[in-house]
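Working through the structure, step by step
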Amino acid sequence: MDVDLEAPTSADSPHATALIWINRVVESDDSQSWYELNMTLRRWFVQRWISSNLDVLNEPVANSSARDKLVDLLVGPFGDDHALFPHMWSVTRGFVFESLGALLGEQLLAGSRPRTVAPGIEAVPIFGATGLQDDGGLRLFGPGADGGSLVLLLSHEQEMWFIASVGSWLPVLGWPPQVQELPAPAVD
């Protein structure tokens with residue numbers, strides 16, 4: 001995956017965080033990319049994985065944990081050390097790859113938005129560079145170009161940016177976990 005890290009962003013910007021996170025996921029930097037998800041999204045991914053794989057609760061390494069306890073173990077500070085983490089992460093990583101779709105393998109750029117989605121939440125559209133016109137260092141869509149993208153939502157917590165969603169939705173925790181689709185004006 002060719003990610004343009006020279007885009008006009010700073011290391012502490014949501015744009016740079018989004019591009020670097022995608023690169024880490026694609027490059028299989030599992031632990032780092034896992035902890036760059038905010039806690040709600042981590043819990044949502046684990047709940048989704050358990051809901052789709054109820055037999056995992058019977059695995060010896062689950063130690064007969066109740067599903068909420070297993071969620072707590074996997075999202076905790078040493079969750080990536082748990083024996084069930086590799087399978088859970090491979091399913092989660094597959095979800096991210098599916099979300100990236102046609103953007104996989106392209107040089108990626110982060111777009112900008114003139115406003116936030118909500119306090120502490122920024123939408124960062126991720127585009128493939130193919131088909132964009134260079135206008136003096138500013139890349140623009142040409143007339144009639146399709147602006148297909150993936151929107152990542154990022155949350156600003158503890159003076160850092162975290163991935164809050166891989167798409168234009170917010171995770172809703174529960175059994176089974178749900179998503180709350182955001183209206184187009186909030187993320188366009």
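Everything discussed here concerns the structure shown above.
A brief look at the structure comes next. The shown structure was predicted, so the numbers you read here are calculated from the model rather than taken from an experiment. (Residues numbered from 1 in each chain as written. Predicted model: local features only at pLDDT ≥ 70, side-chain atom pairs only at ≥ 80, totals over all residues. Heavy atoms only, no water.)

**Brief notes about the overall build of the chain**
Note the following rule: Helix and strand definitions follow DSSP, with helices as H or I runs of at least four residues and strands as E runs of at least two, each counted in order from the N terminus. Buried, partly exposed and exposed residues are distinguished by accessible area as a fraction of the type maximum, computed with a 1.4 Å probe on protein chains only: under 20%, between the cut-offs, and over 50%, respectively. Here, residues are in contact when the closest pair of their heavy atoms is within 4.5 Å. Only the protein chains shown count as covering a residue, and every accessible area follows the Shrake-Rupley method with a 1.4 Å probe.
Helix and strand counts for the chain come out as six helices and nine strands. Put simply, the chain has 188 residues, and 44% of those count as buried. A sequence separation of at least 24 residues applies to 58% of the contacts in the chain between residues at least 6 apart. For the chain, the accessible area works out to roughly 9,700 Å², and carbon and sulfur atoms hold 51% of it.

**With respect to the packing of helix α1 (residues 14-26) against helix α5 (residues 85-100)**
Packed helices, taken two at a time, are described by their axes: the angle between them and the distance between them. The cut-off we apply is this: Every axis corresponds to a line fitted to the C-alpha atoms, with the helix fit spanning only the stretch in contact, and the corresponding angles, defined between N-to-C directions, vary from 0 to 180 degrees. Angular relationships are summarised with four words: roughly parallel below 35 degrees, roughly antiparallel beyond 145, roughly perpendicular across 65 to 115, and oblique for the angles in between. Take the far helix as your reference; a near helix turned counterclockwise from it by less than a right angle gives a left-handed crossing, and one turned clockwise gives a right-handed crossing.
In the contact formed by α1 and α5, the axes pass within 10 Å of each other and the chain directions differ by 125°. Considered as vectors, α1 and α5 are oriented oblique to each other. Crossing of α1 over α5 shows left-handed handedness. On the side of α1, the interface is formed by W21, I22, V25 and V26, while α5 contributes W89, R93, V96, F97 and L100.

**A look at unusual backbone geometry**
Note the cis peptide between W175 and P176, where omega equals -5°. Within the secondary structure, P176 sits in the loop between β8 (169-172) and β9 (178-181). For E159, which is not a glycine, the phi torsion comes out positive at approximately 60°.

**Details of helix α3 (residues 39-52)**
Applicable threshold: Helix span, as expected, comes to 1.5 Å for every residue beyond the first.
A rise of 1.5 Å per residue sets the reference length of α3, with its 14 residues, at 20 Å; its end C-alpha atoms lie 20 Å apart and thus fit the reference within 8%. At its buried positions, α3 is contacted by α2 (30-35), α4 (67-75), α5, β7 (160-166), β8 and β9.

**Side note on the packing of aromatic side chains**
To keep things clear, this is the line we draw: To pair, rings of Phe, Tyr and Trp, with the six-membered ring standing in for Trp, must have centres within 6.5 Å; the planes then decide the type, stacked if under 30 degrees apart, edge-to-face if over 60, and tilted in the middle.
Inspection of every chain in the model, using the stated rule, returns eight aromatic pairs. Relative to W169, the ring of W44 has its centre 4.8 Å away and its plane inclined at 40°; by these criteria the two rings are tilted. Taken together, the residues W44 in helix α3 and W169 in strand β8 connect sequence positions 125 residues apart. Of the two residues examined, W44 and W169, each falls in the buried class. Site record: aromatic cluster; members linked through ring pairs are W44, F45, F95 and W169.

**Structural notes on the pairing of strand β3 (residues 121-128)**
Test applied: Between any two strands, at least two bridges found by DSSP are needed for them to pair.
Counting buried positions along β3 gives eight out of eight residues, so the element sits mostly inside the fold. Every second residue of β3 is oriented toward a common face, with I121, A123, P125 and F127 on one face and E122, V124, I126 and G128 on the other, all of them buried. Bridge count between strand β2 (residues 107-110) and β3: three bridges; the pairing is antiparallel. Directly across from A110, in β3, lies its bridge partner I126. Where β3 lies against strand β6 (residues 150-157), six bridges are found, and the strand directions are antiparallel. What sits directly across from P125, in β6, is V151.

**Quick notes on the nonpolar core**
Condition: Nonpolar core, defined: a set of buried Ala, Val, Leu, Ile, Met, Phe, Trp, Tyr and Cys residues in which side-chain atoms within 4.5 Å join the residues together.
Within the largest apolar cluster, 39 residues are counted, with the highest numbers of intra-cluster contacts made by W21, W34, I126, L152 and V166. At the level of secondary structure, the elements contributing two or more residues to this core comprise α1, α3, α4, α5, β3, β6 and β7. What W34 contacts, discounting residues up to four positions off in sequence, is R42, F45, V46, L74, V75, F85, M88 and W89. Judged by nonpolar contacts, the second largest core, of six residues, contains A123, V151, A164 and L182.

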